[in-house]
Amino acid sequence: MKFELSFTNKEITPWGGMVFLKQMLDKIGFREQIEKCESLPVSLSNNSYKKEVLLESFITSIWCGANRFLHTEITRADKALGEIFDWRKTPAQDAYKRYFGKFTQHINQQVGHHFFSWFFQNLNLNYFTLDIDSSVITRYGEQEGAKKGYNPKKKGRNSHHPIIAFVNDVKMVANFWLRSGDASSANNFVGFLEETLLNFGDKKVGLVRLDSGFFQKDIMDYLELKTLQYIIAAKFTHPIQHLIDQQDFWIKVDEGIEICDKYYQAKNWEKPRRIVIVRQKIAQRPNAAGRILSLFPEDEIHRNYRYSAYITNQEQSATDVWRTYRNRGDAENRIKELKADFGAESFNLKGFFPTEAALIFSMIAYNLMSIFRLFVLQEKTQKTLSTLRYRTFAIGAYFEKVGDTLKLKIALTKKRRKWFVGIWDYPIDLSQKISTA
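Residues numbered from 1 in each chain as written. Predicted model: local features only at pLDDT ≥ 70, side-chain atom pairs only at ≥ 80, totals over all residues. Heavy atoms only, no water.

**Describing the confidence of the model for the protein**
- When the pLDDT values of the protein are averaged, the result is 92; 98% of them are 70 or greater.
- For the protein, per-element mean pLDDT is lowest for helix α15 (residues 414–424), which scores 86, and highest for strand β9 (residues 230–233), which scores 98.
- When the criterion is pLDDT under 50, residues 433–437 qualifies, and its contacts beyond four places in sequence or with other chains add up to eight contacts. (pLDDT = per-residue confidence, 0-100. Helix = DSSP H or I, 4+ residues; strand = E, 2+ residues; numbered from the N terminus. Contact = heavy atoms within 4.5 Å.)

Rendered as structure tokens:
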């Protein structure tokens, strides 16, 4: 069939499903929180954008798929989307760059604390499991703080080395610091943890889980001083490998999995600490996580197993300690999603603290999406943003004036309209009890 091109002046958006997120932002009072945050820079020019518009549109651009400043031009050109969110004019990419360029280290700390504490102090969850992890963000330009350091995928390339705190129970970010590329995983951990705990207010951290990059005496001493329960993956130092080699009693947990429980005291420790050691038989579990003992490559027994070890001050069974730590792997999935879907790897400016500011709001965009998944969708398995983007948000729509009422006309088949109305009418109450099962 032949067809001809024609044009319309109607303002049509491919993101009609964004009305769900606009409604959620209104119900939880996000714009009011922006206004209450006195640390946010404000321009006195009459021609400048309001901070609410700048931050809301930046976050919305991320939800629509922007993972660098240039991509925000897509939402700028979408007049109907701007009307959904009540932006008189949508900012261009340079407006975001200029705005984040006003942020300093002090502002970042104040702004991060304001929003992260708002998230967690309003959730009806009193005990958190806190996972802290570091990541590598490879840089290709001349950004401040981009230095050569640990970078397993791009060896020798400059990078940033941020540290991130996650609350596994609700799949949300609790704190974020950008760090130079030559910083170690545990660099300034105590300061970061203290700031994170302040974000929780009177809420309690029931458990802290850390990988082997944080296996340090001063960190364990600090956690014990704060009476915090912890599980930390042990580094396979020579003394720990010798300890494993001397172990001759193992308890079978499952086919190919054995475990033991001991006390271990390193030379610079003032006291012994509990260590849980797990070994998994490679023949039965070829994909098992863990390490082969490098000190005993020819040992007939050791070369058949992969080992992992955990230092803890918990009193639950060794098997429960191991299984509890295994759930920490979800933090790595969060980091992957932040990089792939929220621009955590690609929103960057020349200045260090402006870049950190942009990434803090990338984390805020992530937390708001987690609230949407938890309280609006309430699905058994949480879909990634890339999945939701095309399943829930990419819906054609346009505005039509009927009398004195402006109606948003949604392009949906009849089968999906009931689903749409069901989500639209759902109440949002952050104080409701969250199931963490």
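**Some words on the side chain of Q314**
- Summarising the element assignment, Q314 is placed in the loop between β13 (305–312) and α11 (318–326).
- At a separation of 2.5 Å, a polar atom in the side chain of Q314 contacts the side chain of Q316. (Polar contact = N/O pair within 3.5 Å; in protein donor to acceptor, adjacent residues only side chain to side chain.)

**Quick look at the environment of E315**
- With respect to the helices and strands, the residue E315 is situated in the loop between β13 and α11.
- Judged by relative accessible area, E315 falls into the exposed class, the value being 81%.
- Sequence-wise, E315 and N158 are 157 residues apart; in three dimensions their C-alpha atoms are separated by 42 Å. (Buried < 20%, exposed > 50% of the residue type's maximum accessible area, 1.4 Å probe, protein only.)

**Brief notes about the packing of helix α3 (residues 51–63) against helix α13 (residues 352–377)**
- At a closest axis distance of 10 Å, the pairing of α3 and α13 adopts a crossing angle of 65 degrees. With respect to each other, α3 and α13 are oriented roughly perpendicular. In this structure, the crossing between α3 and α13 has a hand that is right-handed. Between α3 and α13, the contacting residues are L55, F58, I59, I62 and W63 on the first element and A358, F361, S362, I364, A365, L368 and M369 on the second.
- Looking at side-chain class alone, the contact of α3 with α13 contains 11 nonpolar, one polar and no charged residues. (Axes fitted to C-alpha atoms, helices over the stretch in contact; angles between N-to-C directions. Parallel < 35°, antiparallel > 145°, perpendicular 65-115°, else oblique. Left-handed = near helix turned anticlockwise from the far one by under 90°. Nonpolar A, V, L, I, M, F, W, Y, C, P; charged D, E, K, R; others polar.)

**Examining the packing of aromatic side chains**
- Following the criterion strictly, the structure yields 32 aromatic pairs and no others.
- Ring centres of F69 and F100 lie 6.4 Å apart, and the angle between their planes is 55 degrees; this geometry places the pair in the tilted category. Placement of the pair is F69 in the loop between α3 and α4 (73–76) and F100 in helix α6 (residues 93–100), with a sequence separation of 31 residues. Assigned by exposure class, F69 and F100 land together as buried.
- An angle of 70 degrees between the planes, with centres 6.2 Å apart, marks the rings of F215 and W269 as edge-to-face. Taken together, the residues F215 in the loop between β8 (204–210) and α9 (217–225) and W269 in the loop between β11 (257–264) and β12 (273–281) connect sequence positions 54 residues apart.
- Residue W269 is classed as buried on the basis of its relative accessible area, which comes to 7%.
- Aromatic ring contacts, followed pair by pair, group F30, F58, F69, Y96, Y99, F100, F103, F115, W118, F119, F347 and F361 into a single cluster. (Phe/Tyr/Trp six-rings, centres within 6.5 Å; stacked < 30°, edge-to-face > 60°.)

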